[in-house]
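# Chain and residue survey
One-letter residues, chain by chain:
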Amino acid sequence: MLVTGHTGFKGGWLCLWLTQMGAQVTGLSLPAEDVSLFHQARIGDLVTHIEGDIRDPAVVDAAMAQARPEVVFHLAAQPLVRLSYATPVETFATNVQGSVHVLDACRRAGELGAGDLRAIVCITSDKCYENREWVWPYRENEPMGGHDPYSASKGAAELVIASYRRSFFSNGDGPLLASVRAGNVIGGGDWAADRLVPDIMRALLDGARPLIRSPHSVRPWQHVLEALGGYLMIARGLAAGNVGLAEGWNFGPADDDTQPVHWIADRLCAAWGDGAGWDQPADAPTLHEATLLKLDCAKARAALGWRPAWGLGIALDRITQWHKAVGAGEDARAISLQQLAAYRRDFMNTLSGNAPA
């Protein structure tokens with residue numbers, strides 16, 4: 001398998017899951033940050049690690065030729081809304097043109113010596129939708145859009161994916177292509193800047209009070225493993241030749257787990273203990289950020305039987321446990337694999353109609 005963006009938070013968890021399943025994984029990504037799940041859980045020891053930039057098509061072609069994958073998971077991206085305001089050119093170059101490079105390497109897999117490619121799963125974002133700030137959740141057939149450069153880049157990437165699917169991957173004798181969209185994924189080992197849960201965890205580990213920028217913004221929060229479970233179901237079906245799965249898919253939390261930022265901050269501080277609390281900075285945000293965005297996941301429930309296995313309370317408890325344990329010197333890979341095993345058990349129980357313990 002080829003995973004782009006394997007040094008990132010979501011890509012790291014995906015590599016842990018794939019290697020636990022016995023998959024041989026090659027990863028293509030920029031170097032990992034010094035403090036990252038990739039380094040903490042020693043993911044580089046589990047995969048064939050290629051450092052490179054998807055903005056360079058020659059790099060992507062070489063990785064495809066080396067990996068010779070049956071399945072490609074494309075996660076490499078500039079993933080931050082606020083950073084996209086500072087680096088709009090880089091954001092569009094990575095998220096749009098980089099996706100073109102990955103998909104075109106997939107299109108030419110046979111020429112590159114990777115003719116056994118069967119499935120391509122492109123990970124975008126819930127922010128790909130034109131956000132009207134309404135109370136209704138967004139379905140897969142809603143228009144693409146985006147106010148900020150990050151969101152617009154993800155909407156544009158979805159248009160690229162749809163074009164490649166219709167133009168090159170719909171004749172039935174090549175790989176099948178799907179895109180998958182999730183909400184705000186959270187979990188242990190996320191250290192990204194200007195992201196709510198990592199900012200809270202960093203502050204609490206430092207014994208400080210987190211600063212919460214937009215406490216009333218509402219997001220569809222879910223543990224990263226929830227989204228990855230859906231992505232793997234899609235990949236398995238595509239690899240088996242299920243043409244009906246070659247389209248866009250939402251994987252979001254239950255309605256009760258769409259909560260405002262202040263609810264998350266309160267819950268994490270309470271789980272952390274030691275009198276932890278948070279503050280709001282005196283200066284109001286100056287950059288536009290969506291206040292409400294929810295996903296409609298009825299299609300995944302009906303067609304796949306997929307549904308969330310961990311409620312938001314469980315997810316936040318797992319995050320607190322991960323960061324407290326790793327902060328106390330415990331092995332990050334061992335903690336991550338324990339949580340992955342627990343999630344896989346609960347995920348299978350949920351698919352069979354049993355609620356997690």
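Let me begin by describing the structure that accompanies this report. Computed from a predicted structure; not experimentally measured.

### Description of the packing of helix H1 (residues 9–20) against helix H8 (residues 224–239)
The geometry of H1 relative to H8 is characterised by a closest axis approach of 10 Å and an angle of 60 degrees between their N-to-C directions. Taken together, H1 and H8 sit at an angle that is classed as oblique. Seen along the crossing, H1 lies across H8 with a hand that is right-handed. Every residue of H8 that contacts H1 at Phe-9, Lys-10, Trp-13, Leu-14, Trp-17 and Leu-18 is listed here: Val-224, Leu-225, Leu-228, Gly-229, Tyr-231 and Leu-232. For the contact of H1 with H8, a count of residues per class yields ten nonpolar, one polar and one charged.

### Looking at H1
An α-helical turn contains 3.6 residues, so any two residues separated by three or four positions project in the same direction. Over its twelve residues, H1 extends 17 Å from the first C-alpha to the last, a length consistent with the 16 Å expected when each residue adds 1.5 Å. Among the twelve residues in H1, eleven count as buried, and that is most of the element. Among the residues of H1, those classed as buried are Phe-9, Lys-10, Gly-11, Gly-12, Trp-13, Leu-14, Cys-15, Leu-16, Trp-17, Leu-18 and Thr-19. At the exit of H1 stands Gly-22, carrying a positive phi of roughly 95 degrees.

### A closer look at the packing of aromatic side chains
Going through the model one piece at a time under the given rule, you end up with ten aromatic pairs. Considering the side-chain rings of Tyr-164 and Phe-168, the 5.0 Å spacing of their centres and the 55 degrees angle between planes classify their relative orientation as tilted. Note that Tyr-164 and Phe-168 are positioned in helix H6 (residues 149–168) at a spacing of four residues, about one turn of the helix. Pairwise contacts between aromatic rings join Trp-17, Trp-310, Tyr-343 and Phe-347 into one cluster. A cation sits over an aromatic face here: Lys-299 above Trp-249, 4.2 Å from the ring centre.

### Things to note about the pairing of strand E6 (residues 176–182)
It is a general feature of regular strands that their side chains alternate between the two faces of the sheet. By the criterion of burial, E6 is predominantly enclosed, with seven of the seven residues buried. Burial of E6 is two-sided: the residues Leu-176, Ala-178, Val-180 and Ala-182 facing one way and the residues Leu-177, Ser-179 and Arg-181 facing the other way are all buried. Relative to E6, strand E5 (residues 119–123) runs parallel, the two sharing five bridges. Residue pairing in the sheet places Ile-123 in a bridge with Val-180 of E6. The parallel pair E5 and E6 is bridged by H6, and the resulting crossover is right-handed. Where E6 lies against strand E9 (residues 248–251), four bridges are found, and the strand directions are parallel. Paired with Arg-181 across the strands is Asn-250, a residue of E9.

Each value, and the rule that gives it
- Residues numbered from 1 in each chain as written.
- Predicted model: local features only at pLDDT ≥ 70, side-chain atom pairs only at ≥ 80, totals over all residues.
- Heavy atoms only, no water.
- Axes fitted to C-alpha atoms, helices over the stretch in contact; angles between N-to-C directions.
- Helix = DSSP H or I, 4+ residues; strand = E, 2+ residues; numbered from the N terminus.
- Parallel < 35°, antiparallel > 145°, perpendicular 65-115°, else oblique.
- Left-handed = near helix turned anticlockwise from the far one by under 90°.
- Contact = heavy atoms within 4.5 Å.
- Nonpolar A, V, L, I, M, F, W, Y, C, P; charged D, E, K, R; others polar.
- Expected span 1.5 Å × (residues − 1).
- Buried < 20%, exposed > 50% of the residue type's maximum accessible area, 1.4 Å probe, protein only.
- Phe/Tyr/Trp six-rings, centres within 6.5 Å; stacked < 30°, edge-to-face > 60°.
- Lys NZ or Arg CZ within 6 Å of the ring centre and 35° of its normal.
- Pairing = 2+ DSSP bridges.
- Right-handed = clockwise from strand over helix to strand, strands pointing away.

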